Every structure is written in structure tokens, then in C-alpha cells.
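Observations on the three-dimensional arrangement
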Amino acid sequence: MPTETALPALAILAGARTPFAKAYGALAQVPADQLGRVALLEALARANLAPTDIDEVVFGTVAGQTDASNLARVIALRAGVPQDRIAHSVNRNCASGLEAITTGWQILADGRAGVVVAGGTESMTNVPFLWNQRAKEWFLELKRASFWRRLALFTRIRPSLFKPVPALELGLTDPTCGLNMGQTAEVLAKQFGISREEQDRFALASHEKAVTAWKRGFFANEVVPVPAEIAGKDQVAMDTGPRPGQSLAALAKLPTIFDRKAGTVTAGNSCPITDGAAALVLRLASEVRDQEPLGFVHAYAIAGCDPRRMGLGPVYAIDKLLRQTG
């Protein structure tokens, strides 16, 4: 099998992320480009670099941003990266941020840039609601109509005309198999016999580990607060997902949401819809002289699988990587 990663070693000079906040919560007023800007500037500061030191910016995003189609470019300009430095956005669904890293690595290996910032950003709060097809046709006709025709059009208004279509719901549903992410989790739970209790216990352990890590100060050198002037009322300095008082009893009371009758996946044992961003400063390891990198990347692999079983993607990718590297 040909390797995907015959590239010189990649050095991660520095990195930073914003807090990850539940959608419609603490970061609801902050668009994805501003989240990315905060992460990018902090990553540069930790690498002792200025925006003028950056040759190229790559950001991953799934939902995009309606007023910033090339989101990476907007982030770069808002952060003060010079206008002559290029930027582009990538999308590989859940792996979009990782795709930004591998893309940045390839750019460095090609010699197109010496320093790259790669990151990921998402404001799931601000994924828009869409008009249904009938509403779109009505509005288009209204825009072109004469005064008297407009009066006639208004008589055709029905409540169903304005029923919104959540773009987030569409985006999290695979169009080829018709299942959303939670439903694919139910497929795997049934296939591998993973019980509701097992999932709840795993979720509880995840909460406890995250809460303990915050208390120990583990995230102090990773998370950059989003200032109040951007976030709105207050500065946002911590993740809002982990619950200090979470318990098995509380998790057990939650209803299933993707399969009401025979399901096991709940809002408590699955990932939240989240707002946040992260950024890394990348160079080829051979080019690093006077800095101590956070770490190095030597290889990667990407694998595809049945969309109905999408949660197994990392399993296939890890197996592929181990076989590639020995």
C-alpha cells in the first residue's frame, strides 16, 4: 500500500484554543471568524511570533460562515496577517481541523511557506435557519411582482410557508444513508452490544476527568479566554460542557433522543453542540533552530467507511497508520 505521508517531520511550535462552550450559551454572540482570530493570535504569542511572520493560514470548518465564505482568509486579515499572505479553508467534516494541519504540513513540505498557522473553528450557534422551497419561491416572486401582484401574493401566506429548515440538522445528517450522527451511534451501540449503562459510565468518567483537569490547572497553558468585549456580557475562560456535579443517577434519567423506543444515546452520553476554535503554529522540524516545539508529527492516515457506521472512521485510520509505519 502506498503511504500517504512521505513527508519530512512536522514541528508544532505552539498552540492555543478558546474555551469550548455549549451552543446558544456563553459564546453565542461570537462568530466563527472571531473565535479563530482569538486562537490564532494567542498561538502566535506563545510561539513568540507576530502576524507578519506568517506565510500562510489554513483553517478547517464544517458549517462555514454565511458572511465569510473563505473563513481562513477572514480570520487571517482580522488577526493582522498581511494581505499578501494567502489563506484558505478546508472541510472534512469532524476532521476539518486535522485536515488543516495535514494541509499545512504539505504546504511546508512543498516549500510554498516557511511558517503556517493551521486551525479549526466552529460557531454551531450561528449555523443559520433556512427557508423551505415554497418560501423561497414566494419571496422571489414577491421581489419581482408589481404592487397589485404583491397584494395577491400576501393572500397566499400560510404558517407552513415560514417553517424554518435548521441547516445544522441538515449538516449533521448524511444524505447518502439518511442518518444523523446520533443515529449512527445507535447503529454501533446495537452492533457491538454497548449498553446504555456502559455509555453513561463512560460519559461520567469523561466529565470527572475534565473537571479534575481544570482544577489541577492542566488547561491553563492551552486555553485562552475570550474577552468580554467579544463575548458580550462576561469574559469566557473555561469550557462549559463538563459538569462538576454529574452523576450516574442524573444521566440515567435522561431520555434517549435518536431512537425513542429502543435507543441508548442521550444528551448526557453524547457530545454537545459546541462553539470554539483552536490554532497551531507549524514549521518543518528541520527548519526549527531556536525554539523547543510542543511536539512533532511524523505520519498520518485517512480512511473511509460506511456512512452508517461513521464512528468507526478512527479505527480504520489508526489501523491504516500502523500498517503504513510498521
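Look up: the structure comes first, before these words.
The structure reproduced in this document is the subject of the present report. Because the structure is predicted, anything quoted here is derived from the model rather than measured. (Residues numbered from 1 in each chain as written. Predicted model: local features only at pLDDT ≥ 70, side-chain atom pairs only at ≥ 80, totals over all residues. Heavy atoms only, no water.)

1. Quick word on unusual backbone geometry
Apart from glycine, the bulk of residues carry a negative phi angle, and the bulk of peptide bonds sit in the trans form. Operational definition: Strands here mean DSSP runs of E at least two residues long; helices mean DSSP runs of H or I at least four residues long; both are numbered from the N terminus. Only protein chains enter the accessibility calculation, which uses a 1.4 Å probe; a residue whose area is less than 20% of its type maximum is buried, one above 50% is exposed, and one in between is partly exposed.
Of note, the phi angle at Tyr24 is positive, near 65°, even though the residue is not glycine. Within the element layout of this structure, Tyr24 appears in the loop between strand S2 (21–22) and helix H1 (32–46). Residue Asn93 is not a glycine yet carries a positive backbone phi of 50°. Within the fold, Asn93 resides in the loop between strand S4 (86–90) and helix H3 (96–110). The exposure class assigned to Asn93 is partly exposed, which follows from its relative accessible area of 49%.

2. What about the pairing of strand S5 (residues 116–123)?
Remark: a regular strand shows side chains that alternate across the two faces of the sheet. Applied cut-off: Paired strands, in this sense, are two strands between which DSSP finds at least two bridges.
Along S5, 8 of the 8 residues are buried, which leaves the element largely enclosed by surrounding structure. In S5, alternate side chains face the same way, and those of Val116, Ala118, Gly120 and Glu122 on one face and Val117, Gly119, Thr121 and Ser123 on the other are all buried. Judged from the 5 bridges that link them, strand S3 (residues 56–60) and S5 form a sheet pairing that is parallel. Looking at the pairing, Val57 lines up with Val117 of S5. Relative to strand S8 (residues 274–284), S5 is paired through 8 bridges, and the arrangement is antiparallel. Counted as the bridge partner of Ser123 is Asp275 from S8.

3. Some remarks on the environment of Arg216
Take Arg216: it is sitting in helix H8 (residues 196–216). Considered as a pair, Arg216 and Gln65 are 151 residues apart in the sequence and their alpha carbons are 35 Å apart.

4. Remarks on the packing of helix H4 (residues 133–144) against helix H5 (residues 147–154)
How we decide: As a rule, the C-alpha atoms of each element are fitted with a line to give its axis, helices using only the stretch in contact, and angles between N-to-C directions run from 0 to 180 degrees. When an angle is under 35 degrees it counts as roughly parallel; over 145 it counts as roughly antiparallel; between 65 and 115 it counts as roughly perpendicular; any other value is oblique. Here a residue-residue contact requires only that any non-hydrogen atoms of the pair lie within 4.5 Å.
Packing of H4 against H5 leaves a shortest axis separation of 8 Å and a crossing angle of 155°. The angle between H4 and H5 falls in the class roughly antiparallel. From H4, Trp138, Glu141, Leu142 and Lys143 reach across to H5, where they touch Arg149, Arg150, Leu153 and Phe154.

5. Overview of the packing of H1 against helix H2 (residues 71–78)
For clarity, the threshold we go by: Crossings are assigned a handedness: left-handed for a near helix turned anticlockwise from the far helix by less than a right angle, right-handed for a clockwise turn. Under the convention adopted here, Pro, Cys and the residues Ala, Val, Leu, Ile, Met, Phe, Trp and Tyr are nonpolar, Asp, Glu, Lys and Arg are charged, and Gly plus all remaining residues are polar.
Running from N to C, H1 and H2 point in directions that differ by 55°, and their axes come no closer than 9 Å. Of the possible angle classes, the one that applies to H1 and H2 is oblique. Of the two possible hands of crossing, H1 and H2 adopt the one that is right-handed. Where H1 abuts H2, its residues Ala32, Asp33, Gln34, Gly36, Arg37 and Leu40 lie against Leu71, Val74, Ile75 and Arg78. A class-by-class count of the residues in the contact of H1 with H2 yields 5 nonpolar, 2 polar and 3 charged.

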